[in-house]
Amino acid sequence: MYLGLDLGTSGVKALLIDAGQKVIGSGHGSLDVSRPHPGWSEQTPAHWIDACETAIAELKASNPKELAAVKGIGLSGQMHGATLLDASDKVLRPCILWNDTRSHVEAAALDADPRFRKLTGNIVFPGFTAPKLMWVKNNEPAIFAKVARVLLPKDFLRLWLTGEHISEMSDSAGTSWLDVGKRRWSPELLDATSLDEKQMPSLTEGTAKAGALRGELASKWGVAAGIPVAGGAGDNAASACGMGTVRAGHAFVSLGTSGVLFAANASYLPNPESAVHTFCHALPATWHQMGVILSATDSLNWLSEITGKGAGDLTGELGDKLKAPTGVSFLPYLSGERTPHNDSAIRGSFTGLAHQSSRAALTQAVLEGVAFAFRDSLEALKMAGTTLTRVTAIGGGSRSRYWLKAIATALQVPIDIPADGDFGAAFGAARLGLIAATSADPLAVCTAPATDATIEPDAGLGGAFADAYQRYRALYPAIRAVTA
């Protein structure tokens, strides 16, 4: 058996697979996000451990014998979080999360230094780790002076699991400190943020052994001590491993809290001007590009809270047949946007409202707005040298066939829906745990799932969606002019 642990924003998932990669069982522990000020997003690292314990306990209760047979563990996690430790590995402050935008001034200052884009292949976004450390230095200097180690969220879990300070390439590529082409920390970039390599974890590949399970936890869980823990991956790279998106030309669209259009690459293809992320993949000598939307299902969840109707009820009101855009447009920039704008200050909007604009019209506009944001990412990927001919859908929002029809029509590419199963980040993490424990061929393990159905673009609505996308594109500069 092999265990995948995925530390998400809303919870920790523990997933167990057997040697044939069949999912045996899972457990979950919930997490909350603290937002003490506008633009802030934090979590207490101790809560990650509590949630992981809850997930493992749930898994053990339903599958005690199977859990006892675990031979390898893989980790996945939300990226970019700044987990700051002192010399005794004590947490110095709440972790500043990936969707926190407080460090936009510091990010702009670092991005103005040409070395960052040259070495990392990316814009320095406010959500990345390096500008967060600069914010701490500027606003909490006493805490900054005590920072002995900076860990990413999943690597804090690794510290608890193994006692080791280790990270891997895919997650570390999102810090703005990694030389992404050479897959190593950049002393030059660390020095530019008043840090050095001693404060960073050591680096390995996602498929490699990166620590062993501590005896105390092994006894508690009823598993063997010394089980290898794989390097693992950032959440999107782990999802790619779960989906088999590891070869050049393969791609997926993820409809989660945030939205991701992800493409695997066999070489390093940076183009930071397009605001596309270019990161190391979890597999050696492999990279990936992705466009990122900060509020995907979060946009629908926001409307759900406003209307008092469940997200499923809202999409259910639209029926199954895709409708032409109504003229109501929605910009999903509830917490700023990454691709293609790199704009932490922009905010969302509805435009084109009329007396007859019903709740269903607002829901339709939200789904279309997210679809058009994916279209923005598709265009940015094209600028970065990647052309996609089809994508596979994952994430909670992909349960809505209506939403997938809207995205397929907006992108003008077919969307494959995988056969029933869990192919997300926890599954990818379990696969990495299997590879680390058995030295199996990563490409033989990280295969694509069978396709259950394919959503084709609606040919009859292609023109209407193209017109609506042009309206959507024109709205950003107009809204930006009044929110700057």
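Check the entry above for the structure.
Right, let's walk through the structure included here. In this text the structure is predicted, and so the values were computed from the model without any measurement.

Thresholds applied
- The residue count restarts for each chain, going from 1 along the sequence in the order it is written.
- For a predicted model such as this one, the threshold for reporting local features is a pLDDT of at least 70, and the threshold for listing and counting side-chain atom pairs is 80 or more; totals across whole chains, interfaces and linings nevertheless cover every residue.
- Here the side-chain values reflect all heavy atoms present in the structure, with hydrogen atoms and water set aside.
- A pair of strands is labelled paired if DSSP reports no fewer than 2 bridges between them.
- Counting from the N terminus, the helices are DSSP H or I runs at least four residues long and the strands are E runs at least two residues long.
- Orientation is described by lines fitted to C-alpha atoms, with helices fitted over the stretch in contact, and by angles between N-to-C directions that extend from 0 to 180 degrees.
- In this description, contact between two residues means that some pair of their heavy atoms is separated by no more than 4.5 Å.
- For the exposure calls, accessible area comes from a 1.4 Å probe over protein chains only, and a residue counts as buried if that area is under 20% of its type's maximum, exposed if over 50%, partly exposed in between.
- Residues counted as positive are Lys and Arg, residues counted as negative are Asp and Glu, and His and the chain ends are not counted.
- By convention in these notes, a salt bridge is any Lys or Arg side-chain nitrogen within 4 Å of a carboxyl oxygen on Asp or Glu.
- Polar contact is the term for a pair of N or O atoms within 3.5 Å; when the atoms are in protein, one must be able to donate a hydrogen and the other to accept it, and sequence-neighboring residues count only if both atoms are side-chain atoms.

1. Quick look at the sheet that holds strand β23 (residues 415–418)
Judged by pairing direction, the sheet is mixed, and its seven strands sit side by side in the order β18-β19-β17-β16-β22-β23-β24 without closing on themselves. Of all strands in the sheet, those with a lone pairing partner are β18 (277–280) and β24 (451–455), marking the two edges. The sheet shows a mean angle of 30° between the axes of neighbouring strands, direction not considered. The strands that helix α15 (residues 401–411) touches are β16 (251–255), β22 (391–394), β23 and β24; relative to β24, the one it contacts most, it runs at about 55°.

2. Quick notes on the side chain of E106
With respect to the helices and strands, E106 occurs in helix α3 (residues 104–111). Here E106 is buried and forms no salt bridge, its nearest opposite-charge partner R102 lying at an N-O distance of 8.6 Å. The residues contacting E106, other than those within four sequence positions of it, are P131, M134, W135, N138 and N139.

3. Side note on the side chain of T339
Position of T339 relative to the elements: it lies in the loop between β20 (329–331) and β21 (349–351). For T339, the side chain forms a polar contact with the main-chain oxygen of A275, separated by 2.7 Å. Among the polar contacts listed, one links the side chain of T339 to the backbone nitrogen of V292, at a separation of 3.0 Å. Not counting residues up to four positions away in its chain, the partners in contact with T339 are S274, A275, V276, M290, G291, V292, S377 and A380.

4. Topic: the pattern of salt bridges
On inspection of all chains with the given rule, the structure shows 22 salt bridges. Of the charged contacts in the structure, one is a salt bridge between E168 and K154, with a shortest N-O distance of 2.9 Å. Of the two residues, E168 is situated in strand β9 (residues 166–168) and K154 in helix α7 (residues 153–162); the sequence distance between them amounts to 14 residues. On the basis of relative accessible area, E168 is assigned to the buried category, the value being 0%.

In short, shape yes, function no, at least from these values alone.
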